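Breakdown of the fold
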Amino acid sequence: MTCLTIWRGCMISGRSIFSFLLAPLAMTETLESPLALVAELTHRCPLHCVYCSNPLELTSRATELSTEEWSRVFHEASELGVLQADFTGGEPLARTDIIELVHSARAAKLYVSLISSGLPLDEGKLGRLVLAGLDHFQLSFQGARAETANEISGTNTHLAKLRVLDWLKQHRIGVTLNFVIHRKNIHELEEMLLIVEEHAPGCVEFASVQYYGYGLANREKLLPTRAQLDRCVKILTEAEQRLRGKTRVVFVVPDYYARYPKPCVGGWGRKLMLISPDGVVLPCHAASVIPRMRFENVKKRSLRGIWEDSDSFRAFRGQQWMEEPCKSCDRREVDFGGCRCQAFLLTGDRAATDPVCSLAPARGNVDRILRELEETKNRVATDSIGWVYRKNPA
Amino acid sequence: MKPELSAVPRLAPGVRLNEKSQKERILLMPERALKLLGPSLEIVVRCDGKHTVEQIAEALQKLYSKAEPQRITDDLLDYLARLHDQRAIDF
């Protein structure tokens, strides 16, 4: 399951995850090390979530990197200065060598997170993952009620996830619950919080769907209304106070409603590298939607070479590529012009200011989408449109 | 939440220090990392489930003997409260 917060971005207070305590990049434009390696181990997944951020073109099992290739990548990442490896997918547990992969990332001195649907898993395997060095388990939920969660994931998996939550209590590792929220489940927020309070994980993320991949294909049914968002902010602000010292509450805002864009992935080529199942290295999940850009592969070049010297990672690093109003904006080192993928998807220009920004020339495109939602929200029309479910690769 | 002087802080689940051999000491936690320098490192290495807050304060007062002892204790309590809110430590 693929719903990472690091690339999306911000907490209620608007701070990006990694600006939390690590020093920001110096204005002198010295190239620093990436902090996180997102390893998409496979695109196979038992779930079919309607907002999956995987690309619509999934990578087949036959082209996935081998255990040895991943192990080399983890060591190269560690030497480059990467601190954390986030195992995701698809579903990372779908890899039969997952325990070996955790072990080799940990042996490379990385902090290892599993970003998972919790399936397929049993108690014994969880114990072996922890023994292999797993630091943190992020478990996804598609709703608070089984019927909602099952509709969104296109499977009957909600109860199995609750069981995983019980097993996790037997281990001293970090646990994050991740609820991806949208128009069809945001009304279950209080019930989601009951699950959180019962299980007391170290962190809970309420991550609004972002509109890439399948999320974009289902946007008409997923985008929350303004009233839903206002209610959500109120509930989560109270929850943040109530749970302080027990569970950290992270809220990823639906950025169509934001005043300024998210500092996507902490800036293109500044903090994060993502490796797709077949070894292609991307600055973020969605980057492959951007046309005329050649992304390199770890099978052909070292991670350091790609980080420091590839055309793709250099394309939107620094400020030279920026157009107005970003180029002269005071916030250009805060949000880095926003998300390049969203700029391309909503304007056709990959160097445009992210159109969710209130200062963007193309903000009208986003306002039009929100206006259409408000005009049609009371009609049943959108309920009769079917979901586009995530498929599985060959 | 500030700890009592008798509390015994320890790192929260999923939180650990990187290895001593690495050039910078960093506290690793879910999706975040905290660079530790000087006093912050001296505090975090003592959040091991064995030292009370009072003992940590005494150790810091020895290390930073030019500073006023009460000031050190106050700063320590503030820092531990922040780490606790961020779910980096339990006490």
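Only a predicted model underlies this, so the values are computations on that prediction, with no experimental measurement involved.

**Overview of the overall build of chain B**
When helices and strands are counted, chain B shows three helices and five strands. Starting at the N terminus and ending at the C terminus, chain B contains elements arranged as β-β-β-β-α-α-α-β. Principal-axis analysis of the C-alpha atoms places the extent of chain B at approximately 35 × 30 × 20 Å. Taken over 91 residues, chain B has a buried fraction of 49%. Here chain B has roughly 4900 Å² of accessible surface; of this, 51% comes from carbon and sulfur atoms. A distance of 6 Å separates the average location of the 15 positive side-chain charges in chain B from that of its 14 negative side-chain charges.

**What to know about the nonpolar core**
By size, the foremost hydrophobic cluster in this structure holds 85 residues, and its most contacted members are Phe-74, Phe-87, Phe-137, Leu-177, Phe-206 and Leu-303 of chain A. Ignoring sequence-local partners within four residues, the contact set of Phe-206 of chain A consists of Phe-179, Ile-181, Leu-189, Met-192, Leu-193, Leu-236, Val-249, Val-250, Phe-251 and Val-252 of chain A. Counting 25 residues, the second-largest nonpolar core is a separate cluster that includes Cys-47, Ala-57, Leu-83 and Ala-88 of chain B.

**As for the pattern of salt bridges**
Using the criterion set out here, one finds 26 salt bridges over all chains in the structure. Among the ionic pairs, Glu-197 of chain A bridges to Arg-242 of chain A, the shortest N-O distance being 2.8 Å. Of this pair, Glu-197 of chain A sits in helix H6 (residues 189-199) while Arg-242 of chain A sits in helix H9 (residues 226-242), and the two are 45 residues apart along the sequence. Residue classification places Glu-197 of chain A among the partly exposed residues on the basis of a relative accessible area of 37%. Judged by relative accessible area, which is 41%, Arg-242 of chain A ranks as partly exposed. Between Asp-78 of chain B and Lys-2 of chain B there is a salt bridge, with the nearest N and O atoms lying 3.1 Å from each other. Residue Asp-78 of chain B is found in helix H3 (residues 69-85), and its partner Lys-2 of chain B is found in the segment before strand E1 (10-11); the two are separated by 76 residues along the sequence. Residues participating in the shared-partner salt-bridge network are Arg-44, Glu-64, Arg-95 and Asp-97 of chain A.

**Remarks on the sheet that holds strand E5 (residues 174-181) of chain A**
Residue and element names in this part refer to chain A. Taking strand neighbours across the sheet as the criterion, the nine strands line up as E7-E6-E5-E4-E3-E2-E1-E8-E9 in an open arrangement whose pairing is mixed. The sheet is open, and its two borders are formed by strand E7 (248-252) and strand E9 (281-282), each paired with just one other strand. Those strands touched by helix H5 (residues 158-168) are strand E4 (136-141) and E5, and its axis lies near 155° from that of E4. Along the sheet, H9 makes contact with E5, strand E6 (203-208) and E7, crossing E7 at roughly 160°.

**A short note on the packing of helix H2 (residues 98-107) of chain A against helix H3 (residues 123-131) of chain A**
All names here are of chain A. One can describe the packing of H2 onto H3 by two numbers: an axis separation of 9 Å at closest approach and a directional angle of 20°. As the angle between them shows, H2 and H3 are arranged roughly parallel. Considering how the two elements wind past one another, H2 and H3 form a crossing that is right-handed. Note on element contacts: H3 touches H2 through Lys-125, Arg-128 and Leu-129, opposite Ile-98, Ile-99 and Val-102. The residue inventory of the contact of H2 with H3, partitioned by class, reads four nonpolar, no polar and two charged.

**Looking at the confidence of the model for chain A**
On average, residues of chain A carry a pLDDT of 90, and 91% of them reach 70 or more. Below pLDDT 50 for its whole length, residues 1-28 of chain A participates in 91 contacts with residues either more than four positions away or in separate chains.

**Notes on the sheet that holds strand E4 (residues 32-35) of chain B**
In sheet architecture, strand pairing relies on hydrogen bonds along the backbone and comes in two forms, parallel and antiparallel. With antiparallel pairing, three strands are arranged side by side in an open sheet as E2-E3-E4 (chain B). A single partner strand is all that each edge strand has here, and the edge strands are strand E2 (16-17) and E4 of chain B.

**Description of the pairing of E4 of chain A**
All names here are of chain A. Most of E4 sits inside the fold, with six of its six residues counted as buried. Neither face of E4 is exposed, since His-136, Gln-138 and Ser-140 on one face and Phe-137, Leu-139 and Phe-141 on the opposite face are all buried. Relative to E4, strand E3 (residues 111-116) runs parallel, the two being bridged by four bridges. Among the inter-strand pairings, Ser-113 is bridged to a residue of E4, identified as His-136. Where the polypeptide runs from E3 across H3 and back to E4, its parallel neighbour, the crossover connection is right-handed. Taken together, the six bridges between E4 and E5 define a ladder with parallel strand orientation.

**Describing the packing of aromatic side chains**
Residues and elements named next belong to chain A. Considering all chains together, one arrives at eight aromatic pairs over all chains under this definition. A ring pair is formed by Phe-141 and Phe-179, whose centres lie 5.6 Å apart and whose planes are at 25°; its orientation type is stacked. Taken as a pair, Phe-141 in strand E4 and Phe-179 in strand E5 lie far apart in primary sequence, 38 residues in all. The exposure class assigned to Phe-141 is buried, which follows from its relative accessible area of 0%.

The rules behind each value
- Residues numbered from 1 in each chain as written.
- Chains lettered and ligands numbered in written order.
- Predicted model: local features only at pLDDT ≥ 70, side-chain atom pairs only at ≥ 80, totals over all residues.
- Heavy atoms only, no water.
- Helix = DSSP H or I, 4+ residues; strand = E, 2+ residues; numbered from the N terminus.
- Buried < 20%, exposed > 50% of the residue type's maximum accessible area, 1.4 Å probe, protein only.
- Areas by Shrake-Rupley, 256 points an atom, 1.4 Å probe, with all protein chains shown as cover.
- Lys, Arg positive; Asp, Glu negative; His and termini not counted.
- Charge placed at Lys NZ, Arg CZ, Asp CG, Glu CD.
- Core = buried A, V, L, I, M, F, W, Y, C linked by side-chain atoms within 4.5 Å.
- Contact = heavy atoms within 4.5 Å.
- Salt bridge = Lys/Arg side-chain N within 4 Å of Asp/Glu carboxyl O.
- Pairing = 2+ DSSP bridges.
- Axes fitted to C-alpha atoms, helices over the stretch in contact; angles between N-to-C directions.
- Parallel < 35°, antiparallel > 145°, perpendicular 65-115°, else oblique.
- Left-handed = near helix turned anticlockwise from the far one by under 90°.
- Nonpolar A, V, L, I, M, F, W, Y, C, P; charged D, E, K, R; others polar.
- pLDDT = per-residue confidence, 0-100.
- Right-handed = clockwise from strand over helix to strand, strands pointing away.
- Phe/Tyr/Trp six-rings, centres within 6.5 Å; stacked < 30°, edge-to-face > 60°.

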